[in-house]
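Observations on the three-dimensional arrangement
What follows is the residue order along each chain.
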Amino acid sequence: MGLGLHLIIVELTHACNLRCKHCYLSNFSSTSIAKDDFINIIVQSKDLGAWAYAFTGGEPLLLGERLFEYANLVVKLNPKAKIYLETNGTLLHLYPPKAFEVFNNVQVSLEEPKDINDFIRGKAFSKVLNNVFRLKAYGIEVIINITVNKININTLREFIEALLKEGLKVGIQFLTPTRPELKRLALSRREFARALKVAIKLGVKIDDPRRILFDKHLCEQALAKIRKKKGIVGGCTAGIATLAIDPSLNVYPCSRLRIKIGNLRKQTLDKIWLENDLLWLLRKRELKGKCGKCIFKYACGGCRGDAYAIYGDVLAEDPFCPYVLVEKGIC
Ligand SMILES: C[S@@+](CC[C@H](N)C(=O)[O-])C[C@H]1O[C@@H](n2cnc3c(N)ncnc32)[C@H](O)[C@@H]1O
Ligand code: SF4
Ligand code: SF4
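For the structure given in this document, a descriptive report is provided here. (Residues numbered from 1 in each chain as written. Chains lettered and ligands numbered in written order. Predicted model: local features only at pLDDT ≥ 70, side-chain atom pairs only at ≥ 80, totals over all residues.)

Section: the overall build of the protein
Formally: Secondary structure follows DSSP: runs of H or I at least 4 residues long count as helices, runs of E at least 2 residues long count as strands, and numbering of each begins at the N terminus. Here the globule rule reads 2.2 Å times residues to the power 0.38, and the radius of gyration is calculated from C-alpha atoms. Any residue surrounded by 20 or more other C-beta atoms within 10 Å of its C-beta is treated as buried, while 12 or fewer makes it exposed and the intermediate range makes it partly exposed; C-beta atoms here are placed from the backbone. We call two residues in contact whenever the C-beta atoms placed from their backbones are within 7 Å.
Assigned secondary structure in the protein consists of 12 helices and 10 strands. By the compact-globule yardstick of 20 Å for 331 residues, the protein fits well, its C-alpha radius of gyration being 19 Å. The dimensions of the protein, computed from C-alpha atoms along their principal axes, are 50 × 45 × 35 Å. The buried share of the protein, reckoned over its 331 residues, is 43%. In the protein, once contacts between residues fewer than 6 apart in sequence are set aside, the share between residues at least 24 apart is 69%.

See the structure below:
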């Protein structure tokens, strides 16, 4: 992995029509990114080489028609860029499926079978699933995104299998306890290993750096790269290939590593990208504890958001990584 900005996570608004139990947001303010500011983000990030934008929130569809206007602005200003939409899926029916063609994919969050989903997300499961099938039938690439946590870990396998049976694509990610109240929802190392193994076996999309532990092919590739090249070859992208921007134009290394590193009203994006000390700390990857000594340090590096959430230190060892269990032959 080269040092270079690839992905901008654009939190278009923090307003949301749901209040999910696991959400990393706690303030659902209705502020949204203004058109001029949005144009600035695209122009400045393109100059830095960005080629992917994840539109997220809050709930991005609460922007109404502006969401599609903004996506079309990306097409105009950074034509080769990919655009992904992350949505809770409750409002997809308000727009013709054709409108979603501007996105490379639409990632719809669901948290497992109806009862569990509705416990975490509110009563939305059936409506969301109908909306998903409507887009899929039109030919839009839809991915169901599951955020694995203590509440839904036990039904993960059956839920993924059911979705795959319906011909749906599935992705998983893991809860980061960005707020103290979320710590009780975080997985144990054993649960983490179980979820990773299930997801890898079922062939679902996992962007998490720690998948390397159970993905034999990825593991072999990474070790070969490490032998050839000094320094980072993959893993956690926070501040290395990714930045997140919130509706007040605060900039973060990632939406799950919520440390403000600047604000686009006060600094340009390239100044933040090139001069921010925290970003350089992440890029050196001089990690502590188990991650510091791990053979996968430069290919994984753990989730820096999880390390910060649990230890208040972006360089601390990953708190959820199951490698210690693998080493002891427990899993
Ligand atoms: C914050 S939401 C915004 C987009 C939209 N409202 C949705 O729910 O998909 C983006 C994704 O982050 C996930 N997410 C929320 N809180 C999280 C947390 N504490 N740790 C990891 N992922 C989280 C959500 O489940 C969702 O898949
Ligand atoms: S729908 Fe998305 S933004 Fe809204 S509360 Fe749930 S996870 Fe958070
Ligand atoms: S110990 Fe750290 S670097 Fe090694 S696999 Fe686990 S999270 Fe990745």
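Anyway, onward from the coordinates.
Thoughts on unusual backbone geometry
Following glycine 57, the chain continues to glycine 58 via a peptide bond in cis, the omega torsion being 20 degrees. Mapped onto the elements of the fold, glycine 58 is located in the loop between β2 (52-56) and α2 (65-77). Despite not being glycine, leucine 249 has its phi angle at roughly 70 degrees, a positive value. Relative to the assigned elements, leucine 249 resides in the loop between β8 (242-245) and β9 (250-252). The class for leucine 249 is partly exposed, based on 19 C-beta atoms found within 10 Å. Its identity as a non-glycine residue notwithstanding, arginine 285 has a phi of 55 degrees, on the positive side. For arginine 285, the position within the fold is in the loop between α9 (277-284) and α10 (289-293).

Some details on the site of ligand 3
Heads up, the condition is: Nearness rests on one distance test: the residue's C-beta atom, set from the backbone, must lie within 6 Å of the molecule or strand. Polarity classes work like this: nonpolar for Ala, Val, Leu, Ile, Met, Phe, Trp, Tyr, Cys and Pro, charged for Asp, Glu, Lys and Arg, and polar for all others, with Gly in that last group.
Around ligand 3 sit 13 residues, and of these Cys291, Cys294, Cys300, Gly302 and Cys321 come closest. Of the residues that constitute the shell around ligand 3, the class distribution is seven nonpolar, two polar and four charged.

Let's talk about α2
What counts here: Helices are assigned an expected span. That span is 1.5 Å times one less than the residue count. The arc in question is traced by the directions running from the helix axis to the C-beta atoms.
With 13 residues, α2 extends 19 Å from end C-alpha to end C-alpha; this agrees with the ideal 18 Å at 1.5 Å per step. Regarding α2, the residues found buried are Leu67, Tyr70 and Val74. In a view along the axis of α2, the buried residues occupy a sector of 65 degrees, so they form one face of it. The exposed residues of α2 that point more than 90 degrees off its buried face are Glu65, Glu69, Asn72 and Lys76. Lining the buried residues of α2 we find α1 (35-47), β2 and β3 (82-87).

Considering helix α5 (residues 156-165)
Quick reminder: α-helices carry 3.6 residues per turn. Residues three or four places apart thus point the same way. Among the residues of α5, those classed as buried are Leu156, Ile160 and Leu163. End-on, the buried residues of α5 take up no more than an arc of 65 degrees, which puts them together on one face. Looking at α5, the residues exposed on the side facing more than 90 degrees away from the buried face are Glu158 and Lys165.

Regarding the packing of α1 against α2
We apply this condition: Fitting a line to C-alpha atoms yields each axis, with helices limited to the stretch in contact; the angle taken between N-to-C directions then spans 0 to 180 degrees. For a crossing to be left-handed, the near helix must be turned anticlockwise from the far one by less than a right angle; the clockwise case is right-handed.
Closest axis-to-axis distance for the α1/α2 pair is 10 Å, and the angle between their directions is 35 degrees. The way α1 lies across α2 gives a crossing that is right-handed. Side by side, α1 and α2 meet where Phe38, Ile39, Ile42, Val43 and Lys46 of the first sit next to Tyr70, Leu73, Val74 and Leu77 of the second. When the residues that make up the contact of α1 with α2 are grouped by side-chain class, the tally is eight nonpolar, no polar and one charged.

A look at the environment of isoleucine 153
Residue placement: isoleucine 153 occurs in the loop between β5 (142-148) and α5. On the basis of neighbour count, isoleucine 153 is assigned to the buried category, with 20 C-beta atoms found within 10 Å. With 98 residues separating them along the chain, isoleucine 153 and phenylalanine 55 place their C-alpha atoms 27 Å apart. Non-local contacts of isoleucine 153, meaning those with residues more than four positions away in its chain, are made with Val148, Leu187, Glu191 and Ala195.

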